[in-house]
Amino acid sequence: MIQTGLIQNAHNDLVTDASYDFYGLRLATCSLDQRVKVWRLDESDGSWSLEHDWKAHDAAISKVSWAHPEFGTILATASFDRTVKIWEQVPATEPDGIGLNGPNAGQPSASTSKWVERAMLVDAKGTVRAVEFAPQHFGLKLATISSDNCLRIYECLEQPSLATWHLLEEVDVLALPTASPSARSNAQTLTNATPMQPSAPLDGNSVSLVAHALQQQQAAQSQVPGRPGLGTREADGGWCISWCKDKYWGEVVAAGCGIDGIVKIIQIPPSRRPSTLLTLNPSPSSSTSSDPFSRPSTNPSTNASTTGVSNGAGDAPSASDATTTSNGASAKTFAVTSVAWAPSCGRSYHLVATGSRDGHVRIWRVKPPTPSEDLEEDEGYGDGAEGQDGAEAGRWSATIVGDFDDHKSAVGRVEWNITGTILSSAGNDGRVRLWKMTAGNVWRPAGHISVEQAEEQQADVDMGDMAAEDS
């Protein structure tokens, strides 16, 4: 059974994001009206009541994210005003000097807490499109991505006050080089040479910036005007991030950026520069390989064009690689608007879901190297044997196990349940759709709900009937 609830007139403008807290009893929403609202669930009747409401930014708010409760009651918000703000809920009697709960004056006086601004991050050179706290085992960290195509990782240095946040990494996603044997021992990061440092020497980082400029020029030349969802404007792009929930592989982030329609799996090691473990490209070329998800060839230059999945052994595919087929014709590419990494829950593989402007919800089965392969790869690098079997075997791989276009319009959000067994997606068709793996590891629709149904029924919806209706 699908249990539905409806919050009427939640905001005065379009709601851009909604996020549950760790326990699922509170819901934070943000909107184009520049406000954040926090709602609490009444478990007795399933209704939601407004707890807090405040103006958080000077422009539209794009995303909101809860920190793990072991760090306190903390929210992060990202906005089109190019800032990320950190908020904490404190007792109403606590002096702070920066409390912004003035708009709550009209709310019930029974409230004994308020939200205060603890920090503001202003490093972005474009609108900040996504923010997400890292899994708690990595500490109080968060990732952001903005329309300047940069992924930024922050760490809180003063957890009691939440006032000081250190920028650990600033990575240009489009220009990020893939891992190579020579890069594994290099402890520098991409922050050593950025567009804000024109006097930086022409080292590997600066070269990557030049390559990025060439990629952007090639991508612009390869665009086909007039196709919905494909263009060079910021409105045509998509910027999204999701952390890997598994502690074993370290800090790994899935990031979608721009209009090329690909997602990069990026590893952020503590003592080396970030590298791309895997590139998920749903639009491979139909050239030499009949199986688009077969083992990548040993020639790095052909991996992206013949497989659609590029791993860390070769060069990262450029935007033109992702949009040009073998006969020179331009293939359709649509921006990825949302990415969600499922909790692993003991699986030997990972599930990563993406939603795109082409209306497709895709589920990727991402297979990391086994521990023995990973050890062999490390030993191969240590011996300087770049082409040994251990290094070849210790690669990440991916296949698409589900591809659905039921929304028939742009997908705005994909999200997993707490066990990573059910995927939900929301699209411009006004429906939230559910997807579940059935017998034989086949992913199928599991139901949908619309605002109209919630208004009419305000009750449980039979999942089985809705699944039959979708088929």
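Quick caveat, the model's predicted, so the values are computed rather than measured.

Q: What is the right way to look at the overall build of the protein chain in this model?
A: A tally of regular secondary structure across the protein chain gives 7 helices and 25 strands. Counting across all 471 residues of the protein chain, residues that qualify as buried make up 50%. Contacts in the protein chain between residues at least 24 apart in sequence constitute 52% of all its contacts with a sequence separation of at least 6. A total accessible area of about 21000 Å² is found for the protein chain, and carbon and sulfur atoms account for 51% of it.

Q: Whenever I open this one, the packing of aromatic side chains confuses me. Can you help?
A: What the rule picks out here adds up to 10 aromatic pairs. Ring geometry for Phe-404 versus Trp-435: centroids 4.3 Å apart, planes at 20 degrees, classification stacked. Taken as a pair, Phe-404 in strand β21 (residues 397-404) and Trp-435 in strand β24 (residues 431-438) lie far apart in primary sequence, 31 residues in all. Both residues of the pair, Phe-404 and Trp-435, count as buried.

Q: Explanation requested: the sheet that holds strand β7 (residues 84-91) in the structure shown.
A: The pairing of strands in a sheet happens through backbone hydrogen bonds and is either parallel or antiparallel. Taken in spatial order, the 4 strands make up an open sheet running β5-β6-β7-β8, and their pairing is antiparallel. Whereas interior strands pair on both sides, the edge strands pair on one side only; in this sheet they are β5 (61-66) and β8 (113-121). Taken over all neighbouring pairs, the strand axes of this sheet differ in orientation by 25 degrees on average, direction set aside. Direction of pairing for strand β6 (residues 74-79) relative to β7: antiparallel, over a ladder of 5 bridges. Residue pairing for β7: Ala-76 is matched across the bridge by Ile-86.

Q: Would you explain the pairing of strand β23 (residues 422-427) in this entry?
A: Regular strands place their side chains on alternate faces of the sheet. Covered by surrounding structure in β23 are Leu-423, Ser-425 and Gly-427 only, the residues Ile-422, Ser-424 and Ala-426 on the alternate face being uncovered. Bridge count between strand β22 (residues 411-416) and β23: 5 bridges; the pairing is antiparallel. Considered in β23, the bridge of Val-411 is made with Gly-427. What sits between β22 and β23 in their antiparallel hairpin is a turn of 5 residues, with Gly-420 showing a positive phi close to 70 degrees. The pairing of β23 with β24 spans 5 bridges and is antiparallel.

Q: Sorry, what's going on with unusual backbone geometry here?
A: A negative phi angle characterises most non-glycine residues, just as the trans form characterises most peptide bonds. At Leu-162, a position not held by glycine, the phi torsion is positive, near 60 degrees. By the element assignment, Leu-162 lies in the loop between β11 (150-156) and β12 (165-172). Looking at Leu-162, the relative accessible area reads 1%, which means it is buried. Its identity is not glycine, yet Lys-408 carries a phi of approximately 60 degrees, on the positive side.

Q: Where do I start with the sheet that holds strand β18 (residues 336-341) in this structure?
A: Spatial ordering of the open sheet is given by β18-β19-β20-β21, a layout of 4 strands whose pairing is antiparallel. Two strands close off the open sheet at either side, each with one partner strand: β18 and β21. Neighbour to neighbour, the strand axes of the sheet diverge by 25 degrees on average, direction disregarded. As paired elements, β18 and strand β19 (residues 350-356) share 5 bridges and run antiparallel to each other. When the bridges of β19 are listed, Trp-341 appears paired with Val-352.

Procedures and definitions
Residues numbered from 1 in each chain as written. Predicted model: local features only at pLDDT ≥ 70, side-chain atom pairs only at ≥ 80, totals over all residues. Heavy atoms only, no water. Helix = DSSP H or I, 4+ residues; strand = E, 2+ residues; numbered from the N terminus. Buried < 20%, exposed > 50% of the residue type's maximum accessible area, 1.4 Å probe, protein only. Contact = heavy atoms within 4.5 Å. Areas by Shrake-Rupley, 256 points an atom, 1.4 Å probe, with all protein chains shown as cover. Phe/Tyr/Trp six-rings, centres within 6.5 Å; stacked < 30°, edge-to-face > 60°. Pairing = 2+ DSSP bridges. Axes fitted to C-alpha atoms, helices over the stretch in contact; angles between N-to-C directions.

By themselves these figures say nothing about function.
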